[in-house]
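One letter stands for each residue in the lines below.
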Amino acid sequence: MIRDLCDGQLEGAEIGSTEITFTPEKIKGGIHTADTKTAGSVCLLMQVSMPCVLFAASSSELHLKGGTNAEMAPQIDYTVMVFKPIAEKFGFKFNCDIKTRGYYPKGGGEVIVRVSPVKQLNPINLTDRGYVTKIYGRAFVAGVLPFKVAKDMAAAAVRCIRKEIRDLYVNIQSVQEPKDQAFGNGNGIIIIAETSTGCLFAGSSLGKRGVNADKVGIEAAEMLLANLRHGGTVDEYLQDQLIVFMALANGVSRIKTGPVTLHTQTAIHFAEQIAKAKFIVKKSEDEEDASKDTYIIECQGIGMTNPNL
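Source: prediction; values computed, not measured. (Residues numbered from 1 in each chain as written. Predicted model: local features only at pLDDT ≥ 70, side-chain atom pairs only at ≥ 80, totals over all residues. Heavy atoms only, no water.)

Novice: Just checking my understanding: could you explain helix α2 (residues 42-53) for this structure?
Specialist: An α-helix turns once every 3.6 residues. As a result, residues three or four positions apart point the same way. Taking 1.5 Å as the rise per residue, α2 with twelve residues should run 16 Å; its terminal C-alpha atoms sit 16 Å apart, in good agreement. Burial analysis of α2 places nine of its twelve residues in the buried class, the great majority of the element. Taken together, the buried positions of α2 are occupied by V42, C43, L45, M46, S49, M50, P51, C52 and V53. A distance of 3.0 Å separates the backbone nitrogen of C43 from a side-chain oxygen at the start of α2, and that oxygen is part of S41. (Helix = DSSP H or I, 4+ residues; strand = E, 2+ residues; numbered from the N terminus. Expected span 1.5 Å × (residues − 1). Buried < 20%, exposed > 50% of the residue type's maximum accessible area, 1.4 Å probe, protein only. Polar contact = N/O pair within 3.5 Å; in protein donor to acceptor, adjacent residues only side chain to side chain.)

Laid out in structure tokens, this is it:
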């Protein structure tokens, strides 16, 4: 996909290859289609293309096909409800139109992402978590799965959260995906906590054959609660998705996180090697974080400038 976005040369990109050679050229805007032909995640296609199209010569429209709610990747609801509002703090906007949802193993989902280029990215400072003000979410079923499954996932999640957070209304909607907007069968849930300073945290889970609905709901709820305990301003899945933008931004960015994930360490490694950005990861010195596993990731961005604008 990235080769096509920039008319580049790509060698060795086939299954079984242990080495690729990629020579990028000028990033161009316009309409691009990328189809995994499986339940491969459209969100991962978006993750890799977004930093590129921000520095294109003109606006881009990305038609991404595959899984929208798939394992081992952000669900599209996470991308839209958590990643988008936080990533846009870097000073860009994008629009994500979910045409069809697709699930494992068939895929068949499609989203259209529209992005306008920017001259530069602004640094961000996400170090004040505030307190949780609302918790909301979405439990869905698609295809042949009965609506009761969505309601059971939502109810189990609410019960689980209630044990720890009693003073907030937990608003999880149960949804039957319309037949014309979902391909194949699937079920899952995402629950989001929002704080007084605009931080967003999520817990999510997907149904699998033979796993009862309650268990799916509880897994998502427990993931959310774990992400609220560490005192960071981003959850464990947003950390690594922000690294590339921090590296490209013009100035110093800071985010407060829980334990630094291997994904984040990897992203930092490559951002330092390829973009020559400088990162410092240190334990948070704030008093309220003393007893917690909380870190500050600081980056001196390279101030990448769009040569086309």
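Novice: Which parts of the structure should I look at to understand the UniProt feature "domain: RNA 3'-terminal phosphate cyclase insert" (unreviewed entry) in the protein?
Specialist: UniProt's entry tags residues 127-228 with the feature "domain: RNA 3'-terminal phosphate cyclase insert" (unreviewed entry), counted in the numbering of this structure. Segment residues 127-228 splits into 33% helix and 36% strand. End C-alpha atoms: 14 Å apart. (UniProt positions renumbered as here; feature names shortened; annotations may be inferred.)

Novice: Is there a simple way to explain the side chain of D289 in this structure?
Specialist: Inspection of the secondary structure puts D289 in the loop between β14 (278-283) and β15 (295-300). Reaching out from D289, the side chain makes a polar contact with the side chain of S284 at a distance of 2.7 Å. Apart from residues no more than four positions distant in its own chain, D289 is found in contact with G231, K256, S284 and T294. (Contact = heavy atoms within 4.5 Å.)

Novice: Teacher, can you tell me more about the domain arrangement of the protein here?
Specialist: When the parts of a complex come together, some accessible area is lost, and that lost area is often used as the size of the interface. Domain annotation of the protein identifies domain 1 (1-115), domain 2 (132-230) and domain 3 (234-302). Facing the seven residues of domain 2 at the interface are ten residues of domain 3. Each partner contributes to the roughly 610 Å² buried at the junction of domain 2 and domain 3, and carbon and sulfur atoms together form 51% of this total. If you look at where domain 2 meets domain 3, you find zero salt bridges. Counting every contact that joins domain 2 to domain 3 gives three residue pairs in polar contact (both at pLDDT 80 or more). Among the secondary structure elements, those contributing two or more residues to the side of domain 2 that touches domain 3 are β12 (200-206) and α5 (213-229). For the side of domain 2 that touches domain 3, the class distribution of residues is four nonpolar, two polar and one charged. (Domains from an automatic or database assignment. Buried area = accessible area lost by both parts, 1.4 Å probe. Salt bridge = Lys/Arg side-chain N within 4 Å of Asp/Glu carboxyl O. Nonpolar A, V, L, I, M, F, W, Y, C, P; charged D, E, K, R; others polar.)

Novice: Help me out: how do you make sense of the pattern of salt bridges in this one?
Specialist: If the charged atoms of two oppositely charged side chains come close together, the side chains can form a pair. Taken as a whole, this structure holds 19 salt bridges when the rule is applied. A salt bridge links D7 to K28, with the nearest nitrogen and oxygen atoms 3.0 Å apart. Placement of D7 in the loop between α1 (2-5) and β1 (9-11) and of K28 in the loop between β2 (21-23) and β3 (30-35) is noted, with a sequence separation of 21 residues between them. In this structure, R101 and D77 form a salt bridge, with 2.9 Å as the shortest nitrogen-oxygen distance. Of this pair, R101 sits in strand β5 (residues 94-102) while D77 sits in helix α3 (residues 76-87), and the two are 24 residues apart along the sequence.

Novice: Just checking my understanding: could you explain the sheet that holds strand β13 (residues 252-257) for this structure?
Specialist: Two strands in a sheet stick together by hydrogen bonds in their backbones, pointing the same way (parallel) or opposite ways (antiparallel). One open sheet accounts for four strands, arranged β7-β13-β15-β14; its pairing is mixed. Bordering the open sheet on either side are β7 (125-126) and β14, each of which pairs with just one other strand. With six bridges connecting them, β13 and β15 associate as antiparallel partners. Opposite K256, over in β15, you have I296 as the bridge partner. (Pairing = 2+ DSSP bridges.)

Novice: In this structure, what is going on with the packing of helix α4 (residues 147-164) against α5? I would like to understand it.
Specialist: Between two packed helices, the angle of one axis relative to the other and the distance separating the axes together describe the packing. The geometry of α4 relative to α5 is characterised by a closest axis approach of 7 Å and an angle of 35 degrees between their N-to-C directions. Of the two possible hands of crossing, α4 and α5 adopt the one that is right-handed. Together, V149, D152, M153, A156, A157, R159, C160, I161 and E164 of α4 and A213, D214, V216, G217, I218, A221, E222, L224, L225 and R229 of α5 make up the contact between the two elements. A class-by-class count of the residues in the contact of α4 with α5 yields twelve nonpolar, one polar and six charged. (Axes fitted to C-alpha atoms, helices over the stretch in contact; angles between N-to-C directions. Left-handed = near helix turned anticlockwise from the far one by under 90°.)

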